[in-house]
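The chain contents come next:
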Amino acid sequence: MPSPFPLVGRDDTQAALDGALEALAGGTGGCLVIEGPAGICNTRVLTAAVTAAGERGITVAAGRTTELDRVAPLTTFLAALRTSHPPVLDETRMADITRHPDAKFWLVDQLSERVEQFCRDRPLVIAIDDIQWVDELTSLALRVMVPALQSSSVLWLLARRSHISRTPAAAMVDWLIDEGARSLPLEPLDPPAAAQFCANVLGDRPGPGVLALADGADGNPFLLEELLTTLKATGRIHRAGGLAEVSEGPLPASFVTTVDRRLSELPAHVRRLLEAGAVLGRPFTLHEVAGLLAQPTAELLGATRDAVDAGTLVDSGSSLWFRHNLIREAVYDGLPGSARQALHREAVTVLRNEGRPAAEIAEHFVHGAQQVDPQSMELLRAAIDEVAHSAPGAAADLIMQTLDLLRSDDPGRLQLIADAIRLLASAGRLAEAQKLGDIYLSCGLSAPDEAAILLGLAEALKHAGQDREVVAYIERALCREGVPTQDQARLLGVQAHGLLQVGELDAAQRAAAGAVEQGGLSGTHSAVVLGGAAQSAVAYARGELDLALRHADDAVTLADRVRGEAPHRHPRLWLGRALVALDRTDRAGHVYEADRRIADQLGTVWSRPLSQLFQADLLLSTGQLGDAEAAAEAGLLAAEQLGATACAPALLATLAHLAVRRKDQAAALRHLDRARHYLDTGVCATDEEVQWETALYHDADGRPEAAFEALGSLYPILGDRPYLLVHEPLAAASLTRFALAVGARHDAASVVAAARRVADRNPGVVSLNGAALHAEGLLHDDLDALRAAVTAYRTSPRPLCRASALEDQAVAERSRGDDAAAPALFEQALSLYADAGAHRDVQRLQGRLRRARSGRPAGRGTARRPKSGWGSLTESELRVVRLVAQGRTNREVAAQLFLSRHTVDSHIRHAFAKLRVSSRVELTRLALENDREAASSSSGLRPAATR
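To start, this report covers the structure provided alongside it. What you see is a predicted model; the values in this text were computed from it and never measured. (Residues numbered from 1 in each chain as written. Predicted model: local features only at pLDDT ≥ 70, side-chain atom pairs only at ≥ 80, totals over all residues. Heavy atoms only, no water.)

## A word on the pairing of strand β8 (residues 243-246)
Which entries qualify depends on this criterion: Think of it in three bands: with a 1.4 Å probe and only protein chains considered, a residue is buried below 20% of the maximum accessible area for its type, exposed above 50%, and partly exposed in between. Elements are defined by DSSP. Helices are runs of H or I of four residues or more, strands are runs of E of two residues or more, and each kind is numbered from the N terminus. Here, strands pair whenever DSSP counts at least two bridges between them.
Residues of β8 alternate between two faces, with Leu-243 and Glu-245 on one and Ala-244 and Val-246 on the opposite face, all of them buried. With 2 bridges connecting them, strand β6 (residues 205-206) and β8 associate as parallel partners. The residue bridging Pro-206 from the neighbouring strand is Ala-244, located in β8. The pairing of strand β7 (residues 237-240) with β8 spans 4 bridges and is classified as antiparallel. Directly across from His-238, in β8, lies its bridge partner Glu-245.

## Let's talk about the nonpolar core
Among soluble globular proteins, nonpolar side chains are generally buried collectively. As a reminder of what qualifies: The definition of a nonpolar core used throughout is a set of buried Ala, Val, Leu, Ile, Met, Phe, Trp, Tyr and Cys residues joined through side-chain atoms within 4.5 Å. Contact criterion: two residues are considered in contact whenever any of their non-hydrogen atoms come within 4.5 Å of each other.
Membership of the largest hydrophobic core comes to 121 residues, with the highest contact counts inside it found for Leu-711, Tyr-715, Leu-735, Phe-738 and Tyr-833. Top contributing element to this core by residue count: helix α32 (residues 648-661), with 9 residues. Residue contacts for Tyr-715: discarding those within four places in its chain leaves Phe-708, Leu-735, Phe-738, Ala-739, Asp-747, Ser-750 and Val-751. Leu-273, Val-289, Leu-398 and Leu-454 belong to the second-largest nonpolar core, a separate cluster that totals 91 residues.

## A closer look at the packing of helix α12 (residues 268-280) against helix α16 (residues 337-354)
The cut-off we apply is this: Angles shown run from 0 to 180 degrees and are taken between the N-to-C directions of axes, each axis being a line fitted to C-alpha atoms and, for helices, limited to the stretch in contact. Just so you know how the angles are binned, under 35 degrees is roughly parallel, over 145 roughly antiparallel, 65 to 115 roughly perpendicular, and the rest oblique.
At a minimum axis distance of 10 Å, the contact between α12 and α16 shows a crossing angle of 75°. By the angle between their axes, α12 is roughly perpendicular relative to α16. Of α16, the residues touching α12 (which contributes Glu-275, Val-279 and Leu-280) are Leu-343, His-344, Ala-347 and Leu-351.

## Some thoughts on empty space enclosed by the protein
Filter applied, for reference: A pocket here means an open set of points on a 1 Å grid, computed over the protein atoms alone, that has protein on both sides within 12 Å along at least five of seven lines. A cavity is instead a set of points where a 1.4 Å probe fits but cannot get out; residues with an atom within 4 Å of a point line either one. Grid points are joined across faces, edges and corners, and a volume is the space filled by probe spheres set on the points. Gly falls in the polar group here, along with every residue not listed as nonpolar (Ala, Val, Leu, Ile, Met, Phe, Trp, Tyr, Cys, Pro) or charged (Asp, Glu, Lys, Arg).
What the rule picks out here adds up to 8 cavities of 30 Å³ or more. Here the largest cavity defines a volume of roughly 930 Å³. Forming the boundary of the largest cavity are 47 residues, of which Gln-501, Leu-610, Leu-613, Phe-614 and Glu-689 lie nearest the centre. Among the elements of the structure, α22 (447-463), α24 (485-501), α26 (525-541), α28 (572-581), α30 (607-621), α32, α34 (687-700) and α36 (723-727) are those that each provide at least two residues to the lining of the largest cavity. Ranked by the residues each element gives to the lining of the largest cavity, the list is headed by α30, at 7 residues. Taken as a whole, the second largest cavity holds about 110 Å³ of empty space. Lining of the second largest cavity is provided by Phe-105, Val-144, Ala-148, Arg-608, Ala-634, Leu-637, Ala-638, Gln-641, Leu-642, His-902, Asp-905 and Arg-909. Elements that contribute at least two residues to the lining of the second largest cavity include exactly α6 (136-148), α31 (625-642) and α46 (901-915). Broken down by element, the residue count for the lining of the second largest cavity peaks at 5 residues, all from α31. Among the residues making up the lining of the second largest cavity, the classes are represented as 7 nonpolar, 2 polar and 3 charged.

## Things to note about the side chain of Asp-617
Formally: The convention is simple: Lys and Arg are positive, Asp and Glu are negative, and His and the chain ends are not counted. The working definition used for a salt bridge is a side-chain nitrogen of Lys or Arg within 4 Å of a carboxyl oxygen of Asp or Glu.
By the secondary structure assignment, Asp-617 is in helix α30. Arg-577 provides the closest opposite charge to the buried, salt-bridge-free Asp-617, at an N-O distance of 6.2 Å. Non-local contacts of Asp-617, meaning those with residues more than four positions away in its chain, are made with Thr-654 and His-727.

## Points about the environment of Leu-142
You can see Leu-142 is positioned in helix α6. You can call Leu-142 buried: its relative accessible area is 0%. The spacing of Leu-142 and Val-60 is 82 residues in sequence and 17 Å in space, taken between C-alpha atoms.

## Concerning the sheet that holds strand β5 (residues 182-185)
Spatially, the 5 strands line up as an open sheet ordered β2-β3-β4-β1-β5, and their pairing is parallel. Bordering the open sheet on either side are β2 (59-64) and β5, each of which pairs with just one other strand. The average undirected angle you get between the axes of adjacent strands in this sheet is 15°. Direction of pairing for strand β1 (residues 30-36) relative to β5: parallel, over a ladder of 4 bridges. Residue pairing for β5: Glu-35 is matched across the bridge by Pro-185. Contacting β1, β3 (124-129), β4 (154-161) and β5, helix α1 (residues 11-25) crosses the sheet at an angle of about 155° to β4. Along the sheet face, helix α5 (residues 104-119) touches β2, β3 and β4 and points at about 135° away from the line of β3.

## Looking at the packing of helix α44 (residues 875-885) against α46
Their axes nearest at 9 Å, the elements α44 and α46 cross at an angle of 90°. The angle between the axes of α44 and α46 places the two elements in the roughly perpendicular class. Here Ser-876, Glu-877, Val-880, Val-881 and Val-884 of α44 come into contact with α46, specifically with Val-904, His-907, Ile-908, His-910, Ala-911 and Lys-914.

Right, dumping it as structure tokens:
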């Protein structure tokens with residue numbers, strides 16, 4: 001029953017919705033969150049917006065969630081996409097998208113791709129009411145899809161009840177608002193609006209008594225309407241002096257009593273129908289209610305008509321539901337506890353016969369049962385398994401409810417506890433997982449049970465970057481005798497990676513070797529793969545790159561051969577990193593692309609941020625700074641979306657490095673501050689990851705002393721741990737320069753010695769040899785060494801290393817009086833820096849080149865790229881923009897350019913900001929304008945399009 005005047009007192013909200021729909025019709029999407037307390041009319045505002053969209057000819061995919069959605073992953077969201085006109089998902093696409101139900105990320109990416117394809121031809125509104133009840137997988141989908149589709153013509157309308165914080169959706173919606181979604185809070189009606197509302201409900205201007213009632217309802221439209229409607233239906237409203245007034249007599253004290261009074265006016269058979277429907281907790285069929293009440297369906301037809309006529313139920317044609325969830329809650333809360341429990345027990349049998357999902361049946365079981373028998377335990381186990389992959393938090397909650405029904409000595413209790421801890425941790429509820437673990441770990445568990453719990457905690461903490469706690473948990477488990485060999489192997493594999501992050505290479509190597517050995521003995525292939533990846537990482541950090549490659553290659557070969565759990569460890573990421581260090585960057589790119597495809601198929605959560613980090617490292621090393629920045633931003637976004645923050649400090653450090661190169665010190669400082677915040681919260685990072693970028697920041701500020709101080713702890717360990725020299729060959733020259741600038745010649749010499757050892761260990765890697773020669777040239781002021789470094793770098797895939805060596809050679813040539821050679825060397829370096837988009841280096845080289853040429857123009861690279869407009873786009877952004885303007889989706893662009901879709905998303909966000917556009921329609925128009933200007937331009941250069 002619609003409100004007689006649903007948006008009274010909501011003028012600002014109405015204007016915002018009208019503006020969003022008008023923008024959508026022009027191709028610009030967005031996200032609006034309608035929120036307020038129960039009864040404030042979130043639903044009616046959303047319904048009004050949906051109706052307005054339909055009147056404009058905009059396709060609408062609308063859904064309303066219930067509390068049962070938390071154990072029914074994606075149910076409401078998929079139903080909304082299937083029931084739109086035309087459907088976003090037809091039966092064929094639905095079957096294709098859901099063919100891998102356990103591959104969460106693959107599924108979300110496919111949904112994102114389908115919505116993007118749909119919006120190429122028409123605008124779309126996706127409206128979800130009562131968003132606070134959506135499940136974990138839908139929450140993940142919205143976290144990913146809303147920002148990913150911000151350039152598409154899709155408007156997200158999300159309505160949520162405020163003050164409900166302990167749901168998967170709460171953090172998701174808050175995150176969307178922080179990322180730019182617009183919040184539309186609905187406030188209580190003020191007195192004039194409340195008076196107008198009363199007039200519309202009653203058909204007359206309200207008198208003082210009615211206004212007093214409105215004041216007592218605290219401006220809540222739904223509660224006020226229910227109260228007035230009840231009074232009107234019971235003859236308590238009369239006309240006095242041209243005003244609607246309330247008659248004398250007691251008034252309902254609360255909304256629940258208001259509903260009770262309305263229900264008391266209904267026949268008993270109607271009340272029983274409503275009570276049964278309230279227990280089911282979702283839209284229900286008459287057949288289900290008939291089973292619950294043990295009555296023939298035909299006998300309930302009259303009760304159904306009466307409930308619909310009374311405005312309590314709504315008939316959708318295929319199911320019945322309460323007009324407002326507050327009514328259902330009031331009916332449910334009004335049932336005596338024993339009656340609720342009996343109806344829930346009966347619902348188990350009815351829903352089994354109806355073939356409903358095990359998870360839904362289990363919800364009724366735990367609310368109705370007093371204890372668990374073997375048959376019921378089988379049902380609960382099936383329900384937990386059913387939702388564990390896509391909604392681990394809901395599965396954990398179901399376990400906790402099940403534990404309350406088990407005897408303390410039940411033999412399956414400890415395994416359920418271990419599962420609950422693992423599921424809580426994988427859902428990102430680490431504090432709850434640790435609290436539960438601490439309770440049961442102090443109960444004198446057997447070694448296998450304790451090891452299972454500790455392993456679950458350690459793996460989750462590893463993805464959150466809490467490596468010190470990981471190491472502590474694993475050590476505790478391994479100290480116990482009687483831990484099964486396969487569990488030992490898994491524990492050692494996780495321990496090895498934790499030890500790597502806290503800087504204990506020798507211990508990490510021992511743990512990794514143990515994982516490989518124990519995993520081989522027990523046939524635990526995933527532990528062998530994880531241990532092999534750790535062995536590769538240790539060898540990488542020690543500068544033994546052939547060994548790093550061999551370990552990673554072996555892990556990949558095993559994972560591909562045995563499949564199962566082993567590929568979930570993503571050994572290709574470590575293989576790709578070893579290949580980059582060996583200068584085999586083309587092959588590394590293919591390896592990373594293959595890993596992306598595997599990750600999409602497997603739906604693995606933790607690998608995406610790490611994959612984007614390694615991809616950014618590859619792009620940075622090959623001088624593709626724009627693509628590197630987009631990849632790092634995509635990785636950071638994924639880390640924050642997923643709560644997998646282990647890579648966040650390294651990703652932020654990479655972004656700081658790129659900001660320094662771009663001559664954006666303010667952005668670099670913001671990234672470094674955020675990285676330190678993660679470190680302060682316990683997230684671990686290798687010493688080199690943040691310290692190196694901090695040093696570069698200080699150097700760019702002209703403070704070599706601060707740069708040296710930032711790296712002070714690294715100089716003594718380079719001999720045993722030359723990780724930085726392997727990861728960033730250019731660091732050898734920079735570390736040497738920083739030390740010489742402060743007179744620390746001994747430290748400079750230690751860098752040179754370490755760089756030479758690394759180069760000699762890897763004689764075929766020209767970048768490492770060039771780096772050693774470069775550092776030697778700086779330490780000894782040796783022009784021949786600098787010339788040899790430049791020669792070595794000419795066959796290296798690292799243009800920024802080559803540019804730096806050219807620059808230092810030019811400085812050395814000029815210091816020896818060879819003013820003729822220096823300008824050409826400076827020009828070569830300038831060209832390399834300009835191609836990479838390294839603005840700070842370009843500016844420095846321009847000054848040196850002018851001085852070398854006695855003030856003459858510096859040549860290539862003198863024109864700074866503008867900050868906005870068409871000319872501000874980088875080459876990478878231009879490639880993406882032109883393909884988008886041709887109508888390709890982000891996935892199609894990514895496939896053509898051999899980038900991840902998330903990197904493409906980042907490029908599009910940058911392009912939109914620079915061009916000051918908010919839709920693909922505007923972007924396409926600008927591209928066409930620019931093409932026309934370019935065609936008429938004799939120079940053929942990119943003109944700046946005007947808007």
